Amino acid sequence: MKDASPIQPTAKYRKDYAAPSYTITSVDLRFNLHETATQVIATSQLKALGCDDTLELQGEQLVLKGITVNGSQWSDYEEKEGALILSNLPTEFELVITTETNPKANTALEGLYMSGGAFCTQCEAEGFRRITYFLDRPDVLAKYTTTVEADKAAFPFLLSNGNKIAQGDTSNGRHWVTWQDPHPKPSYLFALVAGDFDQLVDTFTTRSGNQVALEIFVDKGNLSRAEHAMLSLKNSMKWDEERFGLEYDLDIYMIVAVDFFNMGAMENKGLNVFNSKFVLADQDSATDADYLGIEAVIGHEYFHNWTGNRVTCRDWFQLSLKEGLTVFRDQEFSSDLGSRAVNRVNNVSVIRGPQFAEDASPMSHPIRPEKVIEMNNFYTVTVYEKGSEVIRMIHTLLGESKFQAGIKLYFERHDGTAATCDDFVAAMQDASGVDLSQFKLWYSQSGTPIVTVKDHFDEQAQTYSLTIAQHTPETATQKDKQPLHIPFDIELYDDKGDVVPLIINEKQQPSLLQLTQASHTFVFENIKHKPTPSLLREFTAPVKLEYDYTEAQLVLLMKCATNEVARWDATQSLMGLYIKQMVESGQTVALSDKVLEALRSILTDKQADKALIAEALLPPPYNEVSGWYEQVDVDAILTALDALRLDIATNLEPQLKAVYLSLSAQQYDISHQSMARRKLRNVCLRYLSRTGNYDEEIKAQFESSDNMTDSSGALIAANTETVSVREQLMQAFSDKWSDNGLVMDKWFVLQGQYPSIQALDKVKAALDHSAFSMQNPNRVRNLIGGFIGNPYAFHAKDGSGYRFTGEMLAKLNESNPQVASRLIDPLLKFARYDDQRKALMKKELETLRGNPNLARDLFEKVEAALK
Ligand code: B3K
Ligand code: ZN
């Protein structure tokens, strides 16, 4: 093992892309698995792509044991930090490299590591180089044959990509299996798992009649918790055939659930590895949100088989090529199977909250980044969720059938290759005839565009004009911005709430306006009275909308807008009006009678989807509200949000109580309707808890609940200073679940999110809980991540929250830098806070910067923030 002496991390730039000097056409891997010393023999066939006869392979944390070229030992090489450079090579040759790694010592969970008692791998983005020296880049596509050998009793299942082609026993109690993947793939899609599992099996017959074996591997005793994952997998396979015409291409599809995993899941060809959070569920232990999360993530990884695996990325700067598109596909899948409006509302909230916040941070980047130090830092809401919005805008501009024609052409052109975002847009443009040349700026320009709308009604001329201007403020690394091609959907309403036709030059216009310039004016004719505009309907573009809505206009839209998302959005804007007034004046502003009446009628609406009612009743969260201000006044925002919620709770108490009681628990199932009932019921309980008078109801729900949504709903309602039964319920939950880390995460996150500075003591105590482990990313994300996302405690004026965060980050920097790096983001935004907080936050960043062992992950972010 090489010592991990720090080298100054260097950046890579998109513009510097160059093809490698050689490519690898096939590789034969032999793993001799032992927990502390695994031997890997990699036999690769290489071919020169030009006349350069040197080859630089990447490798980290490896012990080199031997190199041969065409069967002879090779001494013409140099081993340096992170690389093995071979010189004077023939144009075609067989390379055999033998290395050793220590899976047990691998707490970074990248490359080959142990999760519980099982061996598993994570190679994206650059983890394969921790397995062997290789051309660890996505544009090198090779055929893999993998032989895995391990102790037979401890590791009865030996898995890798593709089809099993041979197996056998050895004399010393070990056994081996050989797998072959017929599809050439980049190294990041390689996977290996060895362990003892329970196995859920099923089959799926593709529409062309191929029978695919489906196998889900879970920890012993968890079989019954894998059924929803299996159903979701079959639904995904069917949906991709029906909506995208895409079929699965191997005879077997395996999913392994592991407890130690840095992200959600990984789309390795034929062998997905999943965080057990996105596989395991049953009525007792999983919430409705968990069920929906499993469906979405199973879908997402399955859809990658085409968008990611069959067509992969030429280089990591193109990550959104596969991620933005695959998020779009999983969002459509969830929308087609469940409620489209609820999905849209949730997706919009992610953009307006975390994504806009990322745009406004020192790490702001376009969906196709230009400069990267640590690739793992770019698996972001910008690349994923804004990336998906960019795909959605193309879908909006082209319509479903032209969009599908574009997808078809994209696969005709690029199947089996490594492509770029430009390739994707070119296929969309060529198949549809829609000019996307200006649209492409969405890939290179970072930041949140602001679209400002001014209107004017001319009574005499009976016209109504909308002047729509766009402007993108400068971001951390990009000053000059150009006008974007923005799809902007609108409707106009008269005083009665009826839709007014959009007429220009006597012709009816579509509701979709297209903005391409800094400013446009649209003059609508034949308008009798000043209408109310419904703007950016369905959030047709990831922009901030500025229009001075009056309260009356918003109340009208809340009631009458034809579109469910627009009605939700009007409610959000209306609450936003009050929040802004309170933050600016520093005073409590009570909701008007009209607004309360409108909220009451939403709450008691018998026809509307209960899940949407629940969404509409919740004000925009802190992370979204704080993004409205350049200088964030934490205390004023928290006070305003608390006041608004209490105002709603107090004034709607009778209705909240009535609706709560009317939705009392029914026979449990996971239909959308039942989930929606539970959601609204729990939102009501949470509001009621704010009055301080519902401890009995909270306790009763907790004790009588037959499902995790209602149990955790009661705990969430109890998680405030005004509820006296909180500690009692938390204790009961911990007594029941302390041996199930996944369920305990629901408890850890509530300790972290306790809305008071007391959260710090609760979190410190929870660090000692038997279910907590600093090595497990899920535990860390819930407890410590919950705390960092808790503005009451993280932003404590005395700096105690920042200090604690700094200490935890320093610890995680040693064991798992990738997890540390995901947690640091709120600290990076120090410049937006008051002087006292700014100084305290900055001090933590400076302490980190002074750490001689700071990993590249944190280095990149700390440097960007302190620059
Ligand atoms: N492609 C993986 C993410 C890999 C993250 C590496 N740090 C999961 C996904 O997006 O489907
Ligand atoms: Zn993905």
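What you see is a predicted model; the values in this text were computed from it and never measured. (Residues numbered from 1 in each chain as written. Chains lettered and ligands numbered in written order. Predicted model: local features only at pLDDT ≥ 70, side-chain atom pairs only at ≥ 80, totals over all residues. Heavy atoms only, no water.)

Draft legend 1. Summary view of the overall build of the chain. Of the regular secondary structure elements, the chain holds 28 helices and 34 strands. In summary, the chain has a C-alpha radius of gyration of 28 Å against a globular reference of 29 Å for 867 residues, a match within 12%. Referenced to the eigenvectors of the C-alpha coordinate spread, the extents of the chain come out at roughly 90 × 65 × 60 Å. Out of the 867 residues belonging to the chain, those deemed buried represent 60%. Residue pairs at least 24 apart in sequence account for 70% of intrachain contacts in the chain once pairs closer than 6 positions are excluded. Accessible area for the chain stands at about 33,200 Å²; split by element, carbon and sulfur atoms hold 48% of it. Charged side chains in the chain number 86 positive and 118 negative. The centres of these two groups are separated by 1 Å. (Helix = DSSP H or I, 4+ residues; strand = E, 2+ residues; numbered from the N terminus. Rg over C-alpha atoms; globule rule 2.2 N^0.38 Å. Buried < 20%, exposed > 50% of the residue type's maximum accessible area, 1.4 Å probe, protein only. Contact = heavy atoms within 4.5 Å. Areas by Shrake-Rupley, 256 points an atom, 1.4 Å probe, with all protein chains shown as cover. Lys, Arg positive; Asp, Glu negative; His and termini not counted. Charge placed at Lys NZ, Arg CZ, Asp CG, Glu CD.)

Draft legend 2. Region of the structure containing the environment of Arg 726. Topologically, Arg 726 is positioned in helix H19 (residues 726-737). Here Arg 726 falls in the buried class, since its relative accessible area comes to 2%.

Draft legend 3. Structural view of the side chain of Arg 344. Note on placement: Arg 344 falls in helix H4 (residues 340-359). Once you skip the residues sitting within four places of it in the chain, Arg 344 turns out to touch Glu 389, Arg 392, Glu 538, Phe 539 and Val 565.

Draft legend 4. Inspection of the packing of aromatic side chains at higher detail. This structure, assessed with the given rule, holds 32 aromatic pairs. With a centroid separation of 5.3 Å and an interplanar angle of 75°, the aromatic rings of Phe 787 and Phe 804 are classed as edge-to-face. With a gap of 17 residues between them, Phe 787 in helix H22 (residues 777-788) and Phe 804 in helix H24 (residues 800-815) connect regions that are remote in the sequence. Judged by relative accessible area, which is 0%, Phe 787 ranks as buried. (Phe/Tyr/Trp six-rings, centres within 6.5 Å; stacked < 30°, edge-to-face > 60°.)

Draft legend 5. Layout of empty space enclosed by the protein. Under the counting rule described, the total for this entry stands at 3 cavities of 30 Å³ or more. Its volume calculated, the largest cavity comes out at about 100 Å³. Lining of the largest cavity is provided by 13 residues; of these, Ala 665, Gln 666, Ser 674, Arg 677 and Arg 678 occupy positions nearest its centre. A per-element tally of the lining of the largest cavity places helix H16 (residues 672-689) first, with 4 residues. For the lining of the largest cavity, the residue count by class is 3 nonpolar, 5 polar and 5 charged. Size it by volume and the second largest cavity reaches roughly 40 Å³. Among the secondary structure elements, those contributing two or more residues to the lining of the second largest cavity are strand E3 (38-48) and strand E9 (92-101). (1 Å grid on protein atoms, 1.4 Å probe; cavity = no way out; pocket = protein on both sides within 12 Å on 5 of 7 lines; lining within 4 Å. Points joined across faces, edges and corners; volume = space filled by probe spheres on them. Nonpolar A, V, L, I, M, F, W, Y, C, P; charged D, E, K, R; others polar.)

Draft legend 6. Broad picture of the sheet that holds strand E26 (residues 463-471). A sheet is described by the order of its strands in space; here 4 strands give the open sequence E32-E26-E25-E34, paired in mixed fashion. Only two strands of the sheet have a single neighbouring strand rather than two, namely strand E32 (519-524) and strand E34 (544-546). Mean inter-strand twist for the sheet, computed between neighbouring axes without regard to direction, equals 20°. Looking at chain direction, E26 and E32 are connected through 6 bridges and run antiparallel. Across the sheet, residue Ile 468 finds its bridge partner in E32, namely His 520. (Pairing = 2+ DSSP bridges. Axes fitted to C-alpha atoms, helices over the stretch in contact; angles between N-to-C directions.)

Draft legend 7. Structural view of the site of ligand 1. Residues in close proximity to ligand 1 total 15 residues, the closest being Glu 124, Glu 267, Glu 301, Asn 376 and Tyr 384. Side-chain polar atom of Glu 301 to an oxygen atom of ligand 1: 2.8 Å apart, as the coordinates give it. Contacts to ligand 1 include Glu 323, whose side-chain N or O atom sits 3.0 Å from an oxygen atom. A total of 340 Å² of accessible area belongs to ligand 1 in isolation, and the protein chains cover 95% of it. Among the secondary structure elements, those contributing two or more residues to the shell around ligand 1 are strand E20 (265-266), helix H2 (288-303) and helix H3 (319-337). Within the shell around ligand 1, the residues separate by chemical class into 6 nonpolar, 4 polar and 5 charged. (Near = heavy atom within 4 Å. Polar contact = N/O pair within 3.5 Å; in protein donor to acceptor, adjacent residues only side chain to side chain.)

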